[in-house]
Every structure is written in structure tokens, then in C-alpha cells.
Amino acid sequence: MLDGKIIAVLVGEQIGDCAVEIIEIIRAMKNMNARVKVISSPRKRYFKIKNDIIRVDIAIDQARTEDYDAIILCSECRSTDSSIHEYCTRFLRGAYDQGKIIAAIGDGIGIINTSGFLPADSRIIKAKNFNGYNRKAGKPVFKDANLIIARDSVSLVSFVHEIIKALK
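Residues numbered from 1 in each chain as written. Predicted model: local features only at pLDDT ≥ 70, side-chain atom pairs only at ≥ 80, totals over all residues. Heavy atoms only, no water.

Visitor: Summarise empty space enclosed by the protein; cite the residues concerned and give the values.
Guide: Across all of its chains, the model carries 1 cavity of 30 Å³ or more by this definition. In this structure, the largest cavity occupies an estimated 30 Å³ of space. Lining the largest cavity we find 10 residues, and of these V11, S40, S41, I84 and C88 sit closest to its centre. Residues belonging to the lining of the largest cavity are distributed by class as follows: 6 nonpolar, 3 polar and 1 charged. (1 Å grid on protein atoms, 1.4 Å probe; cavity = no way out; pocket = protein on both sides within 12 Å on 5 of 7 lines; lining within 4 Å. Points joined across faces, edges and corners; volume = space filled by probe spheres on them. Nonpolar A, V, L, I, M, F, W, Y, C, P; charged D, E, K, R; others polar.)

See the structure below:
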């Protein structure tokens, strides 16, 4: 159980193909008694995903990394406002520096690639191709220090399991 843990789910303005991942990750974390906070652009108040409405709890420009035990990325931090990407990058860099769990699946991997907060000797940078690494290693989820990466929704169950294991 994740009693007392607070999980940030960082969602870009455009959720693209990651709707299922967002819903299932939020559901799984809540089922483990974690408190889940959805963080997004200041312009977003909610996301309508199929029959679910996901409320945005806090705008990225107001979020503080020290308030969360883990950050989960399901979509890229794309926006018509270029400052949103900078807020996302700063937020993730702070979480990484504080040793928080950062987990990304699908399009959420993009911000990790472009943010520049990983050290040059990170195994994730050396792997370069997460999907190829995962296939070669026979692993659906790639882990390095406080980072957990899954390429696509096929790995969703293993991805969620690794987050829960890391937070216990």
C-alpha cells in the first residue's frame, strides 16, 4: 500500500494516444491508497477521456517538486505557450535532484530526452533506444536510479508495478 504517498501525474495540454495510460495509472495509484494530483498547463481545468473527466489539481507553474513522492509522465509537455515546457523541465529537474521517482511511459519519455537534466553517464542516455533496449534485455520496463521508463501501453501493468515497488 502507498498510504501517505502523493503522486503527481504530469499531463500535457494534448493527451494524444495516452488517454488509457492516464486513466489506468490514476486508478492503480488510488487503488493503492496514494493521493494523486494531476498537473497540467494553467489553461487546462480538466480532461475529458471517454466517459471519464480528469480534473487538473494544480497548474505546472504552481507545482513544487517537494510536495510529491513520484512524478509520472504520460504525455509530452507540449503547449502553444513555450514557457510550459520550461516549467515542466524545471519541475522534473528538481524532482530528479531530490531523488524522487520519475516514471514515464509512451509520449512522456520525450520530455526526459529534451530536458537535459540527466547526467551524461546515465544508462538511459547510453541505451539511446529504449524500445530496442527493452526488447534485447527481454524487459518491458527500463530502470536506472530513480527513473522508470516504459515505451508503450503494452508495458503498462509492469510499469505500474515498478512504480509501486519503488515507492514502498
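There is more to say after this.
Visitor: Give a detailed account of the pattern of salt bridges, specifying residues and quantitative values.
Guide: Scanning all chains against the criterion turns up 7 salt bridges. In this structure, E86 and R90 form a salt bridge, with 3.7 Å as the shortest nitrogen-oxygen distance. Of this pair, E86 and R90 both sit in helix α2 (residues 82-97), 4 residues apart, which is roughly one turn of that helix. (Salt bridge = Lys/Arg side-chain N within 4 Å of Asp/Glu carboxyl O. Helix = DSSP H or I, 4+ residues; strand = E, 2+ residues; numbered from the N terminus.)

Visitor: Tell me what's going on with helix α6 (residues 156-167), and back it up with residues and numbers.
Guide: In this model α6 runs 17 Å from its N-terminal to its C-terminal C-alpha over 12 residues, within 8% of the 16 Å that 1.5 Å per residue would give. Buried residues of α6: L156, F159, V160, E162, I163, I164 and L167, and no others. Taken together, the buried residues of α6 touch β1 (6-10), α1 (19-31), β6 (70-73), β7 (101-105), β8 (141-144) and β9 (147-150). (Expected span 1.5 Å × (residues − 1). Buried < 20%, exposed > 50% of the residue type's maximum accessible area, 1.4 Å probe, protein only. Contact = heavy atoms within 4.5 Å.)

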